[in-house]
Amino acid sequence: MGPIETRLKQIISAVCAEHQAEIEELEVMPDHVHLLVNVDPQFGIHRLTKLIKGRSSRFLRQEF
């Protein structure tokens, strides 16, 4: 596991914890991520996905 993969998992975990979403499965591939989460339907999976993609993109670009 490389430093980018480790940092990505930390970022995804932090975002999910902030929004009470439980990570069921997480697999980082070289060009994509498989993520299965349990999230409140009132919050919406699309919102959580947008938050994860935005924050992970910003932080990974800054740090690497």
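1. Describing the nonpolar core
Next, step 1: By size, the foremost hydrophobic cluster in this structure holds 13 residues, and its most contacted members are Leu 8, Ile 12, Cys 16, Ala 21, Val 39, Leu 48 and Ile 52.
Next, step 2: Mapped by element, the contributors of at least two residues to this core are helix H1 (3-18) and helix H2 (45-63).
Next, step 3: Among the elements that take part in this core, H1 stands out by supplying five residues, more than any other.

2. Things to note about H1
Next, step 1: Taking 1.5 Å per residue, 16 residues should reach 22 Å; H1 reaches 23 Å between its end C-alpha atoms and fits that length.
Next, step 2: Of all the positions in H1, only Leu 8, Ile 11, Ile 12, Val 15 and Cys 16 are classed as buried. Mapping the buried residues of H1 onto a view down its axis gives an arc of 130°, with all of them on the same face. Exposed positions of H1 whose direction lies more than 90 degrees from the buried face are Pro 3 and Ala 17.
Next, step 3: Where H1 is buried, its residues touch strand E1 (22-28), strand E2 (33-38) and H2.
Next, step 4: Just beyond H1, the residue with positive phi is Gln 20, at close to 50°.

3. What to know about H2
Next, step 1: An ideal rise of 1.5 Å per residue puts 27 Å on 19 residues; H2 measures up with 27 Å between its terminal C-alpha atoms.
Next, step 2: Looking only at H2, the buried set comprises Leu 48, Ile 52, Arg 55, Ser 56 and Leu 60. Within H2, the buried residues cover an arc of 120° as seen down the axis, which keeps them to one side. In this structure, H2 carries His 46, Lys 50, Lys 53, Arg 61 and Gln 62 as exposed residues pointing more than 90 degrees from its buried face.

Conventions and cut-offs
- Residues numbered from 1 in each chain as written.
- Predicted model: local features only at pLDDT ≥ 70, side-chain atom pairs only at ≥ 80, totals over all residues.
- Heavy atoms only, no water.
- Core = buried A, V, L, I, M, F, W, Y, C linked by side-chain atoms within 4.5 Å.
- Buried < 20%, exposed > 50% of the residue type's maximum accessible area, 1.4 Å probe, protein only.
- Helix = DSSP H or I, 4+ residues; strand = E, 2+ residues; numbered from the N terminus.
- Expected span 1.5 Å × (residues − 1).
- Arc of directions from axis to C-beta.
- Contact = heavy atoms within 4.5 Å.

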